[in-house]
Amino acid sequence: MKLLVTGGAGFIGANFVYYELENHPDDEILCVDKLTYAGNMETLAGAMRNSKFRFVRADIADRKAMDAIFAEQGPDIVVNFAAESHVDRSIETPEIFLRTNILGTNVLMDACRKYGIRRYHQVSTDEVYGDLPLDRPDLFFKEATPIKASSPYSASKASADLLVMAYYRTYHLPVTISRCSNNYGPYHFPEKLIPLMIINALSDKKLPVYGDGLNVRDWLYVRDHCTAIDLIIRKGREGETYNIGGHNERANIAVVKTVLRELGKPETLIEHVTDRKGHDRRYAIDPTKIHAELGWLPTTSFEEGIKKTVAWYLEHRAWWEHIVSGAYASYYEKMYGNRTVLDP
Ligand SMILES: NC(=O)c1ccc[n+]([C@@H]2O[C@H](COP(=O)([O-])OP(=O)(O)OC[C@H]3O[C@@H](n4cnc5c(N)ncnc54)[C@H](O)[C@@H]3O)[C@@H](O)[C@H]2O)c1
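Here the structure is a predicted model, which means the values were calculated and not measured. Residue numbers run consecutively from 1 along every chain, following the written order of its sequence. For a predicted model such as this one, the threshold for reporting local features is a pLDDT of at least 70, and the threshold for listing and counting side-chain atom pairs is 80 or more; totals across whole chains, interfaces and linings nevertheless cover every residue. Side-chain measures were taken over the full set of non-hydrogen atoms in the model, leaving aside hydrogen atoms and water.

**So, the nonpolar core**
Working step 1: Core analysis: the largest hydrophobic core is formed by 70 residues, its most contacted members being Phe 16, Leu 44, Phe 53 and Ile 244.
Working step 2: Only DSSP runs of H or I reaching four residues or more are called helices, and only runs of E reaching two or more are called strands; each is numbered from the N terminus. Ranked by residues supplied to this core, first place goes to helix α1 (residues 11-23) with seven residues.
Working step 3: In contact with Ile 244, not counting residues within four places along its chain, are Ser 178, Arg 179, Cys 180, Ser 181, Leu 220, His 225, Ala 228, Ile 229, Ile 232, Ile 285, Ile 290 and Trp 296. Nonpolar core, defined: a set of buried Ala, Val, Leu, Ile, Met, Phe, Trp, Tyr and Cys residues in which side-chain atoms within 4.5 Å join the residues together. Each residue is placed in one exposure class: buried if its accessible area under a 1.4 Å probe, protein chains only, is under 20% of its type's maximum, exposed if it is over 50%, and partly exposed if it falls in between. Two residues qualify as a contact provided that any one of their heavy atoms is within 4.5 Å of a heavy atom in the partner residue.

Here you go:
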């Protein structure tokens, strides 16, 4: 089986690449990534040593490049992680989100139609459902919950989901969609909440918490997300959407305090700052469908996951220090600039 994984130099995509290489050693993986600010070849250094793994630097919204890759590689399964993924950035510059997240999905699916594939999987987010009120802990996002995106990011992801389902209905493209809650774990880019707090706390810098910090997110350890996607692409039903979440709801402020406790740092480092525009209040996933149909359950509790994550950041200082200093951006040129990397 040949998997084409887009966005594999990012946080979840890279964790998925490692999960697949470990659990399906006979499969081949071709990673396509544009290497935006969020893509980091240092993250894929281990995979680059595996003969079953290949990397191509390309933009999923580049039709010519995708056509060439599909013609040459003939993937069986496409898993699309590639995206602009940071809500704050989408509020500043929405257009790039529309290009990558919507047009990129369109280009990939057109290539799938042209060359034929067994499965196109769209990695989506629970943010497409909008948010839930804090005073209704009985409410959860189900797959049938109407789409009601709040930010340019979530609107672009929701648009892509609609397009994926349109390709299923119109062209019978064998698609699946997964909508996952907030991930955390190794290789998480330092601009996101948990790594940002770990890194700031390690340097005794202030920990900026948006607004009152009471916004609730449903946290999932990234490896549990990978096991869910692996099950969906191999056993999930075509045309179906699966919610992925682990009933690990935490207020942002509670998450930050947990990180401080793990690091033995004082809560006086916390600083409340101006809230994000249109900040969603609460996300909470009902994962009943994926559990009932595919037997998936998360295996990492929040307490265990946060310990593992803090330990990982302590053990991998060079990885995040290169990002914080900007050095990671030139790593690709240094390591791979003169090598024969598969041309799109
Ligand atoms: N992080 C989360 O908590 C979370 C939760 C639910 C869903 N998701 C979804 O999972 C996917 C991966 O998220 P992440 O947190 O790993 O994101 P990330 O920002 O860490 O990584 C995105 C990757 O996509 C690449 N990329 C961006 N634009 C591209 C383009 N035009 N062509 C090719 N590659 C491109 C980047 O270089 C980067 O390597 C996204 O689709 C996101 O919407 C994320």
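**Some details on the environment of Ile 69**
Working step 1: Inspection of the secondary structure puts Ile 69 in helix α3 (residues 63-73).
Working step 2: When the C-alpha atoms of Ile 69 and Gly 211 are compared, they prove to be 45 Å apart, with 142 residues separating the residues in sequence.

**Here we look at the site of the ligand**
Working step 1: What makes a residue near a molecule or strand is one non-hydrogen atom of that residue sitting within 4 Å of it. Inspection of the region around the ligand gives 28 residues, with Ile 12, Asp 33, Ser 85, Tyr 153 and Lys 157 positioned closest.
Working step 2: We define a polar contact as two N or O atoms separated by no more than 3.5 Å, with the added condition that, inside protein, one atom must be a possible hydrogen donor and the other a possible acceptor, whereas residues neighbouring each other in sequence contribute only through side-chain atom pairs. A distance of 2.9 Å separates a nitrogen atom of the ligand from a polar atom in the backbone of Ile 60.
Working step 3: Here Asn 183 contributes a backbone N or O atom positioned 2.8 Å from an oxygen atom of the ligand.
Working step 4: Computed with a 1.4 Å probe, the accessible areas rest on the Shrake-Rupley method; for each residue, only the protein chains presented here act as cover. Contact with the protein chains covers 97% of the free accessible surface of the ligand, which is 840 Å².
Working step 5: Those elements that provide at least two residues to the shell around the ligand are α1, β5 (119-125), α6 (152-171) and β7 (182-184).

**Concerning the packing of aromatic side chains**
Working step 1: When the centres of two rings from Phe, Tyr and Trp lie within 6.5 Å, Trp using its six-membered ring, the rings pair. Their planes under 30 degrees apart give stacked, over 60 give edge-to-face, and anything left gives tilted. According to the stated counting rule, one finds 17 aromatic pairs in the structure shown.
Working step 2: Taken together through their ring pairs, the aromatic side chains of Tyr 18, Tyr 187, Trp 312, Tyr 313 and Trp 319 make up a single cluster.
Working step 3: The lysine or arginine in question, Arg 282, covers the ring of Phe 140, its NZ or CZ lying 5.5 Å from the ring centre.
Working step 4: Over the ring of Tyr 242 we find Lys 289; its NZ or CZ atom is 4.9 Å from the centre of that ring. A ring is scored as having a charge over it whenever the NZ atom of a lysine or the CZ atom of an arginine sits within 6 Å of its centre and within 35 degrees of its normal.

**Describing the packing of helix α7 (residues 193-202) against helix α9 (residues 252-263)**
Working step 1: Axis angles are defined between N-to-C directions and span 0 to 180 degrees, where every axis is a line fitted to C-alpha atoms and, for a helix, only to the segment in contact. At a minimum axis distance of 10 Å, the contact between α7 and α9 shows a crossing angle of 40°. As judged from the angle between their axes, α7 and α9 are oblique. In terms of crossing hand, the pair formed by α7 and α9 is right-handed. Side by side, α7 and α9 meet where Leu 193, Ile 194, Met 197, Ile 198, Ala 201 and Leu 202 of the first sit next to Asn 252, Val 255, Val 256, Val 259, Leu 260 and Leu 263 of the second.
Working step 2: Split into classes, the residues belonging to the contact of α7 with α9 amount to eleven nonpolar, one polar and no charged. For this classification, under 35 degrees means roughly parallel, over 145 means roughly antiparallel, 65 to 115 means roughly perpendicular, and everything else is oblique. Left-handed describes a crossing in which the near helix is turned anticlockwise from the far one by less than a right angle; the clockwise case is right-handed. The residue classification treats Ala, Val, Leu, Ile, Met, Phe, Trp, Tyr, Cys and Pro as nonpolar and Asp, Glu, Lys and Arg as charged. All others, Gly included, are polar.

**Structural notes on the pairing of strand β6 (residues 175-180)**
Working step 1: Here β6 lies mainly inside the structure; six of its six residues are buried.
Working step 2: Where burial is concerned, the two faces of β6 agree: the one with Val 175, Ile 177 and Arg 179 and the one with Thr 176, Ser 178 and Cys 180 are both buried.
Working step 3: We call two strands paired when DSSP finds no fewer than two bridges between them. In this structure, β5 lies alongside β6, joined through six bridges in parallel fashion. For Ser 124, the partnering residue across the bridge sits in β6 and is Arg 179.
Working step 4: Looking down the strands as they point away from the viewer, one classifies a crossover as right-handed if the path from the first strand across the helix to the second runs clockwise. In the classification by handedness, the crossover that spans β5, the intervening α6 and the parallel β6 is right-handed.
Working step 5: In this structure, β6 lies alongside strand β10 (residues 240-244), joined through five bridges in parallel fashion. Pairing of Cys 180 across the sheet is with Ile 244, part of β10.

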